[in-house]
Amino acid sequence: MRVACVLIGLVVGAALLVPTAVRAESPEQEFAKGKALLAKADFEGALAAYANAVRADRQNQEYQQQHAMVRQIIRLRKRLDTEADPRRWAYLARGLHSFYVKERLYAESLAIDREIHARLANASSARMLGETMLAMNMDAEAAKMLAALGPDKATASTEALRGVALARQGKKAEAREVADRLQLPNNAGPRMLYSVARLNALAGNSDKAIGLLGRAFESMRPSQLGGFKAHAKQCSEFAGLVSTPGFAKAMQVKSKVAESGCSGGRNCAGCPNRGQCAKKQGQGQ
């Protein structure tokens, strides 16, 4: 009897401790946990953490949006493995690329960018892969891949990125030669202007680089502008210009274009207008 009473007392005591030991984390903690797991490319773990954050605070729009986005990305990843239509596959893959780059999941981006380029082998796929390689400091491989594109497919964007890759390897003369030879088309889009600005900054053409940077910013959609400005401040190519008045002035440039029919979402994967503007997004890149 005495032993039984002792055991019952221990059980009751343990039960009293359980609520403290397994008390649910706050919604802020769950959301932070989700972000940390996402940074490790643990999509299922991140989804679960975001779901907990949503359940704990159903009024928080940021929690809901991030949960919905990660859920959509998981679906896209699964669909990509079974998608047989080449055009649809490329479209889905680009959506994943956009998400990976925004979240700085460069290892994930590299894998899918390689596959996209293996299938398409065009200027757009080379630009995407080149940008990811440069973000991962794979400079020699980026230069080799972009050079293999050939003059018939190369654009100002791909050549500018190749020049950046060369400059990073200490091949300054070759990089300047690329910069001096580049000619921007009349329909140069913001990404192209931005890439050429990066190259000119490394080539020592500071005024030209800042001018191109301002042109890139004013021709970007408002929803893109913040991300590109944040990138410019951290981009190694612009490191020597960040403290100059010209760079500060460029950072004040506002977009001169409207959002058009775009929803202004985090990427094209979940955009309700994605089928209407995919072609336009590829122009001038």
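Coordinates for the structure precede this section.
The paragraphs below set out a description of the structure included in this document.

Definitions and limits used
Residues numbered from 1 in each chain as written. Predicted model: local features only at pLDDT ≥ 70, side-chain atom pairs only at ≥ 80, totals over all residues. Heavy atoms only, no water. Axes fitted to C-alpha atoms, helices over the stretch in contact; angles between N-to-C directions. Helix = DSSP H or I, 4+ residues; strand = E, 2+ residues; numbered from the N terminus. Parallel < 35°, antiparallel > 145°, perpendicular 65-115°, else oblique. Left-handed = near helix turned anticlockwise from the far one by under 90°. Contact = heavy atoms within 4.5 Å. Nonpolar A, V, L, I, M, F, W, Y, C, P; charged D, E, K, R; others polar. Core = buried A, V, L, I, M, F, W, Y, C linked by side-chain atoms within 4.5 Å. Buried < 20%, exposed > 50% of the residue type's maximum accessible area, 1.4 Å probe, protein only. Salt bridge = Lys/Arg side-chain N within 4 Å of Asp/Glu carboxyl O. Phe/Tyr/Trp six-rings, centres within 6.5 Å; stacked < 30°, edge-to-face > 60°. Lys NZ or Arg CZ within 6 Å of the ring centre and 35° of its normal.

### Focus: the packing of helix H6 (residues 106-120) against helix H7 (residues 123-135)
Taken N-terminus to C-terminus, the directions of H6 and H7 make an angle of 155 degrees; their axes are 9 Å apart at the nearest point. Taken as axis vectors, H6 and H7 run roughly antiparallel relative to one another. The element H6 and its partner H7 pack so that their crossing is left-handed. Contact residues: Tyr106, Ser109, Leu110, Asp113, Arg114, Ile116, His117 and Leu120 in H6; Ser125, Ala126, Met128, Leu129, Thr132, Met133 and Ala135 in H7. Each residue belonging to the contact of H6 with H7 can be placed in one class, and the counts come to 9 nonpolar, 4 polar and 2 charged.

### A word on the nonpolar core
For soluble globular proteins, the rule of thumb is that nonpolar side chains tend to be buried together. Tyr194, Leu199, Leu213, Phe217 and Phe238 are the most contacted members of the largest nonpolar core, which has 48 residues in total. Those elements that place two or more of their residues in this core are H7, helix H8 (139-147), helix H9 (156-168), helix H10 (172-181), helix H11 (190-202), helix H12 (206-218), helix H13 (222-234) and helix H14 (245-251). Setting aside chain neighbours within four positions, we find Leu213 in contact with Tyr194, Ala197, Phe238, Phe247, Ala250 and Met251. Counting residues in hydrophobic clusters, the runner-up holds 28 residues, among them Leu37, Leu47, Ala53 and Ala90.

### Some words on the pattern of salt bridges
One pass over the full model with this rule turns up 13 salt bridges. Ionic pairing is found between Arg114 and Glu141, a salt bridge with its closest N-O pair at 2.9 Å. Remark: Glu141 occurs in helix H8 and Arg114 occurs in helix H6; sequence separation between them is 27 residues. Judged by relative accessible area, Arg114 falls into the partly exposed class, the value being 35%.

### Brief notes about the packing of helix H5 (residues 86-102) against H6
Each packed pair of helices is defined by two parameters, the angle between the axes and the distance between the axes. Two elements in contact, H5 and H6, have axes whose closest approach is 9 Å; the angle formed by their N-to-C orientations is 155 degrees. Comparing the axis directions of H5 and H6 gives the class roughly antiparallel. Considering the relative orientation of H5 and H6, their crossing is left-handed. Counted together, Trp89, Ala90, Ala93, Arg94, Leu96, His97, Tyr100 and Val101 of H5 and Tyr106, Glu108, Ser109, Ile112, Asp113, Glu115, Ile116, Arg119 and Leu120 of H6 form the full contact between these two elements.

### Focus: unusual backbone geometry
For Arg104, which is not glycine, the phi dihedral falls at a positive 60 degrees. Here Arg104 lies in the loop between H5 and H6. Backbone geometry at Asn137 places phi at a positive 60 degrees, although glycine is not the residue there. Topologically, Asn137 is positioned in the loop between H7 and H8.

### Thoughts on the packing of aromatic side chains
This structure, assessed with the given rule, holds 7 aromatic pairs. Pairing Phe31 with Tyr50 gives two aromatic rings, centres 5.2 Å apart and planes at 50 degrees, and the pair type is tilted. Placement of the pair is Phe31 in helix H2 (residues 27-39) and Tyr50 in helix H3 (residues 43-56), with a sequence separation of 19 residues. Across the pair, exposure class does not vary: Phe31 and Tyr50 are buried alike. Judged by centre distance (5.8 Å) and plane angle (70 degrees), the ring pair of Tyr194 and Phe238 falls under edge-to-face. Pair noted here: Tyr194 is in helix H11 and Phe238 is in the loop between H13 and H14, with a separation of 44 residues, a long-range link. A single burial state applies to Tyr194 and to Phe238, both of which are buried. One aromatic cluster is present, formed by Tyr194, Phe228, Phe238 and Phe247 through successive ring pairs. The side chain of Lys229 reaches across the aromatic face of Phe217, ending 5.7 Å from its centre.

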